[in-house]
Amino acid sequence: MKKLLLILLIVPFLSCSDAVVSDSTKNFEDNRWMQSDVKSFSLELGEDISTGKLVLNFSHVYNPGYTNLPVAIAITNPDGATETVMANLELRTKSGKDLGSCTGDICDLKQIIKKSVPFKSGTYKVTVQHGFSGPYLPNVLMVGVVIEKLGI
């Protein structure tokens, strides 16, 4: 019985998990992201990552009035090459279930932009621009980008 208990206590620490290497966030005044406001992030990596991912974090008010959000993410790597990734953040399923983690009236959504790719050490510049059709995106709290090392 003691061996079983010991195994149950040790196994969670042996499982692989992803580790945040660098992250940056921007908050929004009055919960509005203006159409012309391109958010810029600088992520510094002190070491090469053989297998990692770039994640977009997005926080919004519960039931924000839209179910998806088109975004354009431009990623400039340390050698100066730039890649643009178009993504569609899905906030809810077709049946109305939230895809983010909601606590009270705040929902946090994570979407992988690039996965299982190497990242060289140095500074990455990332810009995020939304494609909402109005003059501003309402009910948004925060947007951020994270580089994570996979399977540590």
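What counts and how
- Residues numbered from 1 in each chain as written.
- Predicted model: local features only at pLDDT ≥ 70, side-chain atom pairs only at ≥ 80, totals over all residues.
- Heavy atoms only, no water.
- Helix = DSSP H or I, 4+ residues; strand = E, 2+ residues; numbered from the N terminus.
- Buried < 20%, exposed > 50% of the residue type's maximum accessible area, 1.4 Å probe, protein only.
- Salt bridge = Lys/Arg side-chain N within 4 Å of Asp/Glu carboxyl O.
- Disulfide = S-S within 2.5 Å.

Quick look at unusual backbone geometry
For step 1, the next point in the chain: A positive phi angle is found at Asp30, which is not glycine, with a value near 60°.
For step 2, the next point in the chain: Counting through the fold element by element, Asp30 comes out in the loop between β1 (19–27) and β2 (32–34).
For step 3, the next point in the chain: Assessed through its relative accessible area of 62%, Asp30 is described here as exposed.

Let's talk about the pattern of salt bridges
For step 1, the next point in the chain: For the structure on display, the rule yields 5 salt bridges.
For step 2, the next point in the chain: A salt bridge links Lys53 to Glu148; its shortest N-O distance comes to 3.5 Å. Remark: Glu148 occurs in strand β11 (residues 140–149) and Lys53 occurs in strand β4 (residues 49–61); sequence separation between them is 95 residues.
For step 3, the next point in the chain: The closest approach of N and O atoms between Asp98 and Arg92, which form a salt bridge, is 3.1 Å.

Focus on the state of the cysteines
For step 1, the next point in the chain: A complete count under the given rule lists 1 disulfide for this structure.
For step 2, the next point in the chain: Across the disulfide, Cys102 is cross-linked to Cys107 (sulfur-sulfur distance 2.0 Å). Given an S-S torsion of about 110°, the disulfide between Cys102 and Cys107 has right-handed geometry.
For step 3, the next point in the chain: By relative accessible area, Cys102 is classed as partly exposed at 30%.

So yeah, pure geometry; function would need other evidence.
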